[in-house]
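Chains, contacts and geometry: an overview
These are the residues of each chain, in order.
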Amino acid sequence: MSRRAAVLVARGVFPEVLERLVQHFDVEANADDSVWPAAELSARLLGKAGVFTTGSERIDAELLDAHPQLRAVCNMAVGYNNIDLDACTARGVLVSNTPDVLTETTADFGFALMMAAARRITEGEHFLRAGQWTKWSFDMLAGAEVHGTRLGVLGMGRIGQAIARRGALGFGMPVIYHNRSRLDPAIEQQLGARWVGKAELLREADHLVIVVPYSPQSHHLIGAAELAQMKPGATLTNIARGGVVDDAALAQALRDRRIAAAGLDVFEGEPSVHPDLLTLPNVVLTPHIASASIATRLAMANLAADNLIAALGCGPQAGRPPTALNPQVLAAQP
Ligand code: DGY
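Residues numbered from 1 in each chain as written. Predicted model: local features only at pLDDT ≥ 70, side-chain atom pairs only at ≥ 80, totals over all residues. Heavy atoms only, no water.

**A closer look at the packing of aromatic side chains**
Inspection of the entire model under this criterion finds one aromatic pair. Centroid distance Phe111 to Phe171: 4.8 Å. Interplanar angle 40 degrees. Geometry classified as tilted. Here the residue Phe111 occupies a position in helix H5 (residues 103–118), and Phe171 occupies one in helix H7 (residues 158–171), the gap between them amounting to 60 residues. Residue classification places Phe171 among the partly exposed positions, given a relative accessible area of 28%. (Phe/Tyr/Trp six-rings, centres within 6.5 Å; stacked < 30°, edge-to-face > 60°. Helix = DSSP H or I, 4+ residues; strand = E, 2+ residues; numbered from the N terminus. Buried < 20%, exposed > 50% of the residue type's maximum accessible area, 1.4 Å probe, protein only.)

**Details of the nonpolar core**
Grouped together as the largest cluster of nonpolar side chains are 55 residues, with contacts concentrated most on Phe52, Leu151, Met156, Ile163 and Leu308. At eight residues, H5 tops the list of elements feeding residues into this core. Inspection of this core shows a minimum of three residues originating in each of domain 1 (6–101 + 294–332) and domain 2 (103–285). Discounting residues that sit within four places of it in the chain, Met156 has contacts with Gln161, Ala164, Val175, Tyr177, His178, Asn179, Leu183, Leu191 and Ala193. With 30 residues, the next largest nonpolar core counts Leu202, Leu227, Ala249 and Ile259 among its residues. (Core = buried A, V, L, I, M, F, W, Y, C linked by side-chain atoms within 4.5 Å. Domains from an automatic or database assignment. Contact = heavy atoms within 4.5 Å.)

**Concerning the sheet that holds strand S5 (residues 94–96)**
If you trace the five strands from one edge of the open sheet to the other, you get S2-S1-S3-S4-S5, paired in parallel fashion. The outermost strands of the open sheet, each flanked by one partner alone, are strand S2 (26–29) and S5. Strand-to-strand twist across the sheet, computed as the mean angle between neighbouring axes with direction ignored, equals 15 degrees. Bridging between strand S3 (residues 50–53) and strand S4 (residues 72–75) involves four bridges; their strand directions are parallel. Bridge pairing in S4 places Thr53 opposite Asn75. Across the face of the sheet, helix H1 (residues 15–22) comes into contact with strand S1 (6–9), S2 and S3 while running at roughly 145 degrees to S2. (Pairing = 2+ DSSP bridges. Axes fitted to C-alpha atoms, helices over the stretch in contact; angles between N-to-C directions.)

**Digging into the side chain of Thr237**
Relative to the assigned elements, Thr237 resides in strand S10 (residues 235–238). With relative accessibility at 0%, the residue Thr237 sits in the buried group. Discounting residues that sit within four places of it in the chain, Thr237 has contacts with Gly110, Leu113, Met114, Leu208, Val209, Ile210 and Gly263.

**Let's talk about the sheet that holds strand S8 (residues 193–195)**
The seven strands are arranged S8-S7-S6-S9-S10-S11-S12 in an open sheet whose pairing can be described as parallel. Of all strands in the sheet, those with a lone pairing partner are S8 and strand S12 (283–285), marking the two edges. Across the sheet, the mean angle from the axis of one strand to that of its neighbour is 20 degrees, orientation sign disregarded. Direction of pairing for strand S6 (residues 151–154) relative to strand S7 (residues 175–178): parallel, over a ladder of four bridges. Residue pairing across strands places Val153 opposite Tyr177, the latter belonging to S7. Contacting S6, S7 and strand S9 (207–210), H7 crosses the sheet at an angle of about 175 degrees to S6. Relative to strand S11 (residues 261–264), helix H11 (residues 247–255) is tilted by about 145 degrees, and along the sheet it contacts S10, S11 and S12.

**Some words on unusual backbone geometry**
Cis geometry is adopted by the peptide bond preceding Pro271, which originates at Glu270 and carries an omega value of 15 degrees. At Asp100, a position not held by glycine, the phi torsion is positive, near 70 degrees. Mapping Asp100 onto the fold places it in the loop between S5 and H5. By relative accessible area, Asp100 is classed as partly exposed at 47%. At Leu141, a position not held by glycine, the phi torsion is positive, near 55 degrees. Of note, Leu141 is situated in the loop between helix H6 (121–129) and S6. Judged by its relative accessible area of 22%, Leu141 is partly exposed.

**So, the domain arrangement of the protein chain**
Along its sequence, the protein chain is organised into domain 1 (6–101 + 294–332) and domain 2 (103–285). Between the C-alpha centres of domain 1 and domain 2 there is a distance of 32 Å. Opposite the six residues of domain 1 that make contact, domain 2 presents five residues. Across the domain 1/domain 2 interface, buried area totals approximately 550 Å², and carbon plus sulfur atoms make up 41% of it. A per-residue breakdown of the area domain 1 buries against domain 2 is headed by Asn81, Asp100 and Thr296, which together make up 67% of the total. The tally of links between domain 1 and domain 2 comes to one salt bridge. Between Arg158 and Asp100 there is a salt bridge; the shortest N-O distance is 3.5 Å. Tallied by class, the residues present in the side of domain 1 that touches domain 2 amount to two nonpolar, three polar and one charged. (Buried area = accessible area lost by both parts, 1.4 Å probe. Salt bridge = Lys/Arg side-chain N within 4 Å of Asp/Glu carboxyl O. Nonpolar A, V, L, I, M, F, W, Y, C, P; charged D, E, K, R; others polar.)

Structure (structure tokens):
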């Protein structure tokens, strides 16, 4: 009888998903869901053929070199900037992420965050809870219009398109977008979306939603210079990754009312948040929960498990992990 492979589940996960993994592997699970420091992650990877990760675990060349037995890294996130994909590919390690299953849920949240920032929803709630609501006033907590205004999307992948669809079809918003590659004209037409250069996007959007993946190229894609080009009454929403926006520059722009408001679900150095952002009323702050509906998180966890099971040659999709990022490595594995 062949020995079962050993796998590591680096963070807490739904019990039913853990149970699925236990059916195939010897599983070491992270019982208390703590974020293991790099040295502890490395120690726990000894002898493991696969690892179930989240965005919190850094998988880099140094770690891979210490664990030549590792064959699969399956991330429970669509973003995989925590993983050095090239280093994995060069060492024949399969990497997967969880696209598609979170698209609509994440777009719902991005739209909600944009609306909350524009319509000052959390500011209004704090005002009410603080007992400051003593009378009606003509301009009390009056915010920016949403319906019929121009929606700007930076990064027009699956989630960007789902946000554009919400804006165009639900809120009558003309959509402009900027992306490295243009959408197929038929999709542009469906979404009522027009490709523009980055400068025009910044200048013309009433509400800018950022959905680009993080990479060294997208680091501080929005900094002081870009914020200075935005409309004074505009809002900015970031559901992409911390680091795409320069948070210190954004805090300054919000304080100076260079732009009206922001909605942020992701932060540079999260879970730490730039202290200036915490002091400002015109920013809505949430703790990286855009994909966090129960159904979607379960779907993400199951998809990451499907990938791990298949990547290590088990289950009905053995050898064909459904959302592999570098499937070519499987052909070369023994
Ligand atoms: C993703 O899937 O990349 C999210 O940001 C993590 O929840």
